[in-house]
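# Secondary and tertiary structure notes
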Amino acid sequence: MIRSRVRLLLFPLGVLLLCGCGSGGWQSVETDRLIIHYKKDSFAEQNLAEAVAEYEDSIQAAERLLPQVRLEGKVKVYLHEHLDKLGYARAAAREVHFRYDREFRLTSMHEFLHIFLQRLNPHAPLRFEEGVCRMHEVRSVRAGGGVVQVPLVQLGKRAAPATWRLEQIFLDHYSSDEEGNLAAAFAAFAVQEYGEGPFWNFYGSLRKREWRTAIEKYFGQDIQAVEARFVNFMKRIPDPPGP
């Protein structure tokens, strides 16, 4: 514990507020927004200053994308050396979990967005919430003998055209990247139509089983007309590279 306290003196003044040991063998440091948990002698502990800076950047990036959302308390960040998923959020508990090891360090703002969106509207359909979290993300794709960064909105075009339907996008569950990326494409379409301010009002009005009312009010058309406009939007997206 003494060694940890000495190390923390090397961080920029005002960034870290506390170091201590918690339950389950976790140790923690705090910032203004976060409580970052890591295991002793882990890769995260060895690179703690870098990890703190990366996750502070991530949560600030999430804040900049959203209207003002007041969080109650700090967000808990758990850095795992072994994790089946690269990352996930437990939004109601204000927790995000990331794989952080020598081979892979997930530092995306995506999981933080789930925390903010839970506060903004806990009643939004889960698949569309996932799409909103993906709307500004990119992914590395092999193409032309190299690797390129492709927006997930563009990768949404890989979804079969038969699924380009609003009843698919506003389901309250999802199980694949393809479903989430298609929902991201619809979110981008909605923002393009009327801008970010009206979009967040629209998002706040969504209800899991009553999303049709919000759609018709936001777009000023019935579901069939909005769906036709979305299909045209999808057709105009360039085909994504790669297999």
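Anyway, here's the lowdown on the structure attached to this text.

Rules used throughout
- Residues numbered from 1 in each chain as written.
- Predicted model: local features only at pLDDT ≥ 70, side-chain atom pairs only at ≥ 80, totals over all residues.
- Heavy atoms only, no water.
- Helix = DSSP H or I, 4+ residues; strand = E, 2+ residues; numbered from the N terminus.
- Buried < 20%, exposed > 50% of the residue type's maximum accessible area, 1.4 Å probe, protein only.
- Contact = heavy atoms within 4.5 Å.
- Areas by Shrake-Rupley, 256 points an atom, 1.4 Å probe, with all protein chains shown as cover.
- Lys, Arg positive; Asp, Glu negative; His and termini not counted.
- Charge placed at Lys NZ, Arg CZ, Asp CG, Glu CD.
- Core = buried A, V, L, I, M, F, W, Y, C linked by side-chain atoms within 4.5 Å.
- Polar contact = N/O pair within 3.5 Å; in protein donor to acceptor, adjacent residues only side chain to side chain.
- Phe/Tyr/Trp six-rings, centres within 6.5 Å; stacked < 30°, edge-to-face > 60°.
- Lys NZ or Arg CZ within 6 Å of the ring centre and 35° of its normal.
- Salt bridge = Lys/Arg side-chain N within 4 Å of Asp/Glu carboxyl O.
- Pairing = 2+ DSSP bridges.
- Axes fitted to C-alpha atoms, helices over the stretch in contact; angles between N-to-C directions.
- Nonpolar A, V, L, I, M, F, W, Y, C, P; charged D, E, K, R; others polar.

Helix and strand counts for the protein chain come out as 11 helices and eight strands. Its C-alpha atoms put the protein chain at 65 × 45 × 30 Å along the principal axes. Residue burial in the protein chain is summarised as follows: out of 243 residues, 47% are buried. The contacts of the protein chain with a sequence gap of at least 6 include a subset with a gap of at least 24, amounting to 58%. Summed over all atoms, the accessible surface of the protein chain reaches about 12600 Å², with 50% contributed by carbon and sulfur. Computing the positive centroid from 32 side-chain charges and the negative centroid from 31, the protein chain places the two 1 Å apart.

Let's shift gears to the nonpolar core. Among the nonpolar cores identified, the biggest contains 66 residues, and Phe-128, Phe-186 and Phe-199 are the most heavily contacted of them. Considering each element in turn, this core owes the most residues, 10 residues, to helix H8 (residues 177–194). Phe-128 has contacts with Ile-169, Phe-170, Ala-183, Phe-186, Ala-187, Phe-199, Phe-202, Tyr-203 and Leu-206, leaving out every residue within four places of it along the chain.

Another aspect to go through is the side chain of His-114. Examined against the element boundaries, His-114 turns out to sit in helix H4 (residues 110–120). Within the local environment of His-114, its side chain forms a polar contact with the side chain of His-110, the two groups lying 3.2 Å apart. At a separation of 2.6 Å, a polar atom in the side chain of His-114 contacts the side chain of Glu-129. Apart from the residues within four sequence positions on either side, His-114 is in contact with Ala-89, Ala-91, Glu-129, Glu-130 and Cys-133.

Scanning the entire structure with this criterion turns up 26 aromatic pairs. On the numbers, 6.0 Å between centres and 50 degrees between planes, the contact of Tyr-55 with Tyr-100 is tilted. Residue Tyr-55 is found in helix H3 (residues 48–65), and its partner Tyr-100 is found in the loop between strand S6 (95–99) and H4; the two are separated by 45 residues along the sequence. With a centroid separation of 6.3 Å and an interplanar angle of 20 degrees, the aromatic rings of Phe-230 and Phe-233 are classed as stacked. Here the residue Phe-230 and the residue Phe-233 both occupy positions in helix H11 (residues 223–236), the gap between them amounting to three residues, near one helical turn. The same class applies to Phe-230 and to Phe-233, which are both buried. Between Lys-39 and the ring centre of Trp-26, over which it is positioned, the NZ or CZ distance is 4.6 Å.

Following the criterion strictly, the structure yields 17 salt bridges and no others. Among the charged side chains, a network of salt bridges with common partners joins Glu-130, Arg-134, Arg-139 and Asp-177.

Position of His-80 among the secondary structure elements: in strand S4 (residues 75–80). Engagement of the side chain of His-80 in a polar contact is seen with the side chain of His-97, the distance being 2.9 Å. Once residues lying within four places of it in the same chain are set aside, the contact partners of His-80 are Trp-26, His-97, Phe-98, Arg-99 and Tyr-100.

Turning to the environment of Lys-157, a few remarks are in order. Along the polypeptide, Lys-157 turns up in the loop between helix H6 (152–155) and helix H7 (166–169). Between the C-alpha atoms of Lys-157 and Val-69, which are 88 residues apart in sequence, the distance is 31 Å. Every residue in contact with Lys-157, bar those within four places of it in the chain, is listed here: Trp-164, Met-234, Lys-235, Ile-237, Pro-238, Asp-239 and Pro-240. Separated by 3.1 Å, the side chains of Lys-157 and Asp-239 make a polar contact.

Where a strand is regular, its side chains alternate between the two sheet faces. Burial of S4 is extensive: five of the six residues sit out of reach of the surface. Taken together, the four bridges between strand S3 (residues 34–39) and S4 define a ladder with parallel strand orientation. Paired with Ile-35 across the bridge in S4 is Lys-76. Note: S4 against S6, five bridges, orientation parallel.

Close contact between H8 and helix H10 (residues 211–219) brings their axes to 11 Å; oriented N to C, the two are set at 35 degrees. On the side of H8, the interface is formed by Phe-186, Phe-189, Ala-190, Val-191, Glu-193 and Tyr-194, while H10 contributes Ile-215, Tyr-218 and Phe-219. Taken together, the residues of the contact of H8 with H10 break down into eight nonpolar, no polar and one charged.

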